[in-house]
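Structure at a glance
Listed below, chain by chain, are the residues.
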Amino acid sequence: MPKNWKSFFIFGGIIALLAMLPLFTNRSDVLTWSCLTLQYILLSQSWNIIGGYAGQVNLGHAAFFGLGALTTRYLWLAGLPFPASLLSGAFIATVFALLIGIPAFRLRGIYFVIGTLVLAEILKVVIDTRFPVASVLPVETLLTYSLLPRYYLSLMGAVLSVIAVYFISRSRLGLGMMAIREDEDAARTSGVNILQNKLIAFAISTFLAGLAGGIFAFYMVAIQPGYVFSPIWTFDSVVIVFVGGIGTLIGPIIGSVFFVLLKQWLSLHLPGGLHLAVFGVLFILVVLYMPDGFIEAIRRYGKMVTLGRKPMVQGG
Amino acid sequence: MKKKWLVILFSLFVVCAVFVIPSMLPAAKKAPETIKVSAVLSLTGPFAPLATQAKNAYQIYFEKVNAEGGIFIKEFNKKIPVEIKILDDESDGLKTILQLEVANEWGAVANLGGIGCTSFEVGTVVAQKNKMVWLGPGCAGWTPHQRGINYMFSTFFKTPFISPLVYNMIMSMPEPRPKKVAIFEINQLDCEEAVEYWRKGAEKKGFEIVYHQKYALGTKDFSAMITGAKAAGAEILLGYPAPPEGPAMIKQMKELDYNPKLIYWIRAPEASSFGPALGPLADYVCVPVAWSNQLAISGNDQLNAQHQKVHGKLGDPITGSAYAAGQVLVDAVKRAGILDRKAIRDTIAKTDTETVAGRIHFSPQGWAVDRLVLVLQWKDGKQNIVYYNEAGQNYKKNIPKVDLKWQPPWSSR
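Predicted model, so just to flag it, every value in this text is computed and none were measured. (Residues numbered from 1 in each chain as written. Chains lettered and ligands numbered in written order. Predicted model: local features only at pLDDT ≥ 70, side-chain atom pairs only at ≥ 80, totals over all residues. Heavy atoms only, no water.)

We now examine empty space enclosed by the protein. Residue and element names in this part refer to chain B. Following the criterion strictly, the structure yields four cavities of 30 Å³ or more and no others. The computed volume of the largest cavity comes to approximately 80 Å³. Lining the largest cavity are 14 residues; nearest its centre among them are Ile115, Phe156, Tyr240, Arg267 and Glu270. Residues of the lining of the largest cavity, tallied by class, amount to nine nonpolar, two polar and three charged. Taken together, domain 1 (35-158 + 295-361) and domain 2 (161-289 + 373-412) each give at least three residues to the lining of the largest cavity, which thus spans both. (1 Å grid on protein atoms, 1.4 Å probe; cavity = no way out; pocket = protein on both sides within 12 Å on 5 of 7 lines; lining within 4 Å. Points joined across faces, edges and corners; volume = space filled by probe spheres on them. Nonpolar A, V, L, I, M, F, W, Y, C, P; charged D, E, K, R; others polar. Domains from an automatic or database assignment.)

Moving on to the sheet that holds strand S12 (residues 285-289) of chain B. All names here are of chain B. Strand order in this open sheet of seven strands is S9-S8-S10-S11-S12-S15-S16, and the pairing throughout is mixed. The sheet is open, and its two edges are formed by strand S9 (208-215) and strand S16 (382-388), each paired on a single side. Sheet twist, expressed as the average angle between the axes of neighbouring strands with direction ignored, equals 25 degrees. As judged from the six bridges shared by strand S15 (residues 374-379) and S16, these two strands associate in the antiparallel manner. The partner of Trp378 across the bridge, within S16, is Gln383. Its contacts with the sheet put helix H7 (residues 189-205) on strand S8 (180-186), S9 and strand S10 (236-239), and the angle it makes with S8 is roughly 165 degrees. (Pairing = 2+ DSSP bridges. Helix = DSSP H or I, 4+ residues; strand = E, 2+ residues; numbered from the N terminus. Axes fitted to C-alpha atoms, helices over the stretch in contact; angles between N-to-C directions. Contact = heavy atoms within 4.5 Å.)

Here the focus is the interface of chain A and chain B. Listed as interface residues are 34 residues of chain A and, on the opposing side, 34 residues of chain B. Seen at the junction of chain A and chain B, the total is zero salt bridges. Counting residues per element, the ones that place at least two in the side of chain A that touches chain B are helix H2 (28-53), helix H5 (110-130), helix H6 (139-143), helix H10 (194-219), helix H11 (232-244), helix H12 (251-269) and helix H13 (274-289) of chain A. Considering every element that reaches the side of chain A that touches chain B, the biggest residue donor is H2 of chain A, with five residues. Residue composition of the side of chain A that touches chain B, grouped by class: 21 nonpolar, nine polar and four charged. (Salt bridge = Lys/Arg side-chain N within 4 Å of Asp/Glu carboxyl O.)

Before going further, it helps to spend a moment on the sheet that holds strand S4 (residues 82-88) of chain B. Residue and element names in this part refer to chain B. Reading across from one edge, S4-S1-S5-S6-S7 is the order of the five strands in this open sheet, with parallel pairing throughout. Since the sheet does not close on itself, it has two edges, and those belong to S4 and strand S7 (152-154), each with one partner. Strand-to-strand twist across the sheet, computed as the mean angle between neighbouring axes with direction ignored, equals 25 degrees. Of the strand pairs in this sheet, strand S1 (residues 35-41) and strand S5 (residues 110-112) are connected by two bridges, and their pairing is parallel. Paired with Val37 across the strands is Ala110, a residue of S5. Across the face of the sheet, helix H13 (residues 341-349) comes into contact with strand S6 (133-136) and S7 while running at roughly 40 degrees to S6.

A cluster of nonpolar side chains, contributed by Leu107, Ile110, Tyr111, Ile114, Val118, Ile122 and Val126 of chain A, occupies part of the molecular surface with about 660 Å² of accessible area. As for its placement among the helices and strands, Val118 of chain A is situated in helix H5. (Patch = residues over 30% accessible without salt bridge, like charges linked within 9 Å, V, L, I, M, F, W, Y side chains within 5 Å. Areas by Shrake-Rupley, 256 points an atom, 1.4 Å probe, with all protein chains shown as cover.)

A word on the side chain of Asn187 of chain B. Inspection of the secondary structure puts Asn187 of chain B in the loop between S8 and H7. One polar contact links the side chain of Asn187 of chain B to the main-chain amide nitrogen of Leu217 of chain B, over a distance of 2.9 Å. Setting aside its immediate chain neighbours within four residues, Asn187 of chain B contacts Val125, Asp128, Thr129 and Pro132 of chain A together with Tyr215, Ala216 and Leu217 of chain B. (Polar contact = N/O pair within 3.5 Å; in protein donor to acceptor, adjacent residues only side chain to side chain.)

With that settled, consider the domain arrangement of chain B. One frequently used descriptor of interface size is the decrease in accessible area upon assembly of the parts. Residue and element names in this part refer to chain B. Domain boundaries in chain B define domain 1 (35-158 + 295-361) and domain 2 (161-289 + 373-412). Here the C-alpha centre of domain 2 lies 28 Å away from the C-alpha centre of domain 1. Of the residues lining the interface, 27 residues belong to domain 1; the matching set on domain 2 comes to 24 residues. Summed over both sides, the interface of domain 1 with domain 2 buries roughly 2100 Å², with 65% coming from carbon and sulfur. Counting across the domain 1 and domain 2 interface gives zero salt bridges. Inspection of the region where domain 1 meets domain 2 yields nine residue pairs in polar contact (both at pLDDT 80 or more). Secondary structure elements with two or more residues in the side of domain 1 that touches domain 2: helix H2 (48-67), helix H4 (117-130), helix H12 (317-336) and strand S14 (358-361). With four residues, H2 is the single largest residue contributor to the side of domain 1 that touches domain 2. A per-class count over the side of domain 1 that touches domain 2 returns 16 nonpolar, five polar and six charged. (Buried area = accessible area lost by both parts, 1.4 Å probe.)

What follows covers the nonpolar core. Residue and element names in this part refer to chain B. Counting residues in hydrophobic clusters, the biggest one holds 116 residues, and the most contacted among them are Leu135 and Ile348. Sort the elements by how many residues they give to this core and H12 lands first, with eleven residues. Residues from two domains meet in this core; each of domain 1 (35-158 + 295-361) and domain 2 (161-289 + 373-412) gives at least three. Beyond its immediate chain neighbours, meaning those up to four positions away, Ile348 contacts Val133, Leu135, Phe153, Val328, Leu329, Ala332 and Phe362. (Core = buried A, V, L, I, M, F, W, Y, C linked by side-chain atoms within 4.5 Å. Buried < 20%, exposed > 50% of the residue type's maximum accessible area, 1.4 Å probe, protein only.)

Before going further, it helps to spend a moment on the layout of surface pockets. The method is simple in principle: a probe with the dimensions of a water molecule rolls over the atoms, and the space it marks as empty is what remains. Residues and elements named next belong to chain A. In this structure, the largest pocket encloses a volume near 1200 Å³. Taken together, 37 residues line the largest pocket, and the ones lying closest to its centre are Phe11, Val162, Leu249, Ile250 and Ile253. Contributions of two or more residues to the lining of the largest pocket are made by helix H1 (2-24), H2, helix H7 (147-169), H12 and helix H14 (294-315). Examining the composition of the lining of the largest pocket, we find that eleven residues originate from one element, H1, more than from any other.

Our next topic: the environment of Phe229 of chain A. Residues and elements named next belong to chain A. Mapped onto the elements of the fold, Phe229 is located in the loop between strand S2 (222-223) and H11. A residue is classified by how much of its surface remains accessible, and Phe229, at 0% relative accessible area, is buried. Separated by 202 residues in the primary sequence, Phe229 and Arg27 place their C-alpha atoms 30 Å from one another. Setting aside residues no more than four positions away along its own chain, Phe229 makes contact with Ala62, Ala63, Gly66, Leu67, Leu70, Ala120, Leu123, Lys124 and Ile127.

See below:
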């Protein structure tokens, strides 16, 4: 329990610091990177629930992000209050997930992976073809555009996702999800309702993905509708979760910071497309030498430090 | 006593005059060491073969400007060199936003834009938000100019003007002329616009659209479309392929022995990768452009010589259009006389200047009015000028035009 309190204080302290960030800087580039990092935390945590905890590799995550983004954007610009638009976007993404979830979860392993990937691609092509014109904020809205509400909304989204994952990982539902991830047949034999657990995980995951899409739609001054269905939203989330530490609470947070800030730093300091190559090499190195992600490396380092101290204490 | 007070008052007056009053007056503004200009371009990703041309042009142009001491700024009564910060948006709209925010905080007085719908449609809105000019070759899209964004200026041509040009070009040829048209429509905004004008133009000029098919950006297999156009007997093929798709389409047309008399494509054939990727297969493909390295307009000698020296070849079509954007910006900054974003915007709006790509002046929506448009045809690794629009009449002597050639069947090439 004391360990938990320590974690809560650290978590609360980080949130308080992040909440105070705009007091220290009003640089639009810093706030933009921060918004994006927080939005990536939300999106990657949402993938972490279905992919990391429930073990269902959903490569169609962009579809739910996109549905949330477009629904929110069009309702908001049509005059619906933003909070209602945001919740509608997340709700539509969840309903769509439940509709396709029942047939999709009949597929297992690689078939589920391919099925979800194809679904997102179909949506992207259809949206790209039907809506080729970008959705642009009206000039009057641009006059009052401020990054601050976007930043705080992104922060709230990220915190919500971390809290959701925290409670899931410690709940009966979370145990059921992890049991399915480890061995579906064994979980069924142990009395876990497989389809129900998968559907609940999928619903929570896609609700958060839709929410991430809605926040992204609120943040962007212009969006090409097909862009929010682009597979990069799925693959970025997957990369972040794997680099940070799959099936962990902290992994996606570390992964998002690494992914957004390092990538941006490299793009500002390495010319001629070299930044992409260097980022790719770094990613390969992380996967090779830290297959369980940064979180595992941190744990190992922590153990080394602890072990290194003990003999000194004993010796002293 | 009275004298003593007078002395004190006089002393106070002197102290105020010497120390206090000058400190209350606004200090003379110190001239910056450089004029900061950003260029957010798609240097990687699908639009890289277009945007790298813009990058080369900006670098050559500002080297020239700086070699002459920079731009004269009246406010500081001196010439100040230009510092250009080139940022890669990876052909991704989100990265365009991130990099434009970097440029904004860096203190750029204006941004020279890249080419491609994403960069243009998204980037210009960010520029409007930050009240920083976005000036560049842009894309041919017409819709972005109808959104009330007044910090956006494009030196490129626009779809309502270039799309019908193909029919005028065909009509300028002797009979027998091809009449049956096929359209391969990529699912992007500017192509959707072009299709509308191609349809209207066909109706007006007596052409028949016998085949029309949409496809998604990133498509790799075009065989169904090619066989469809072939079966419909289409003799003219209109399209708007992205740079990676153009060469793939041509190769598949050869494989499937589809022999239109004219291939008229916007975008892909002006990419620096098109000719090298296809070699002789690129021959006879036509593309409308806003500049050619064969134009004998003032300034092109220097541009061609420098491009040849630095990159080992003459500039591709976007090069001149981007170079012209640089010329417009420098002209506007000089006329503004101060390094203020709004003042620079206002002077760009009043631009009426000769550039390497012809005369440029802008409509209130920021598109170049009466823009010179040339049609180039690939032949033996070169792009020959085979047609020009009405604005080209003013440059008749400067345009080395050759005759358009119908494409022979693949079997006889």
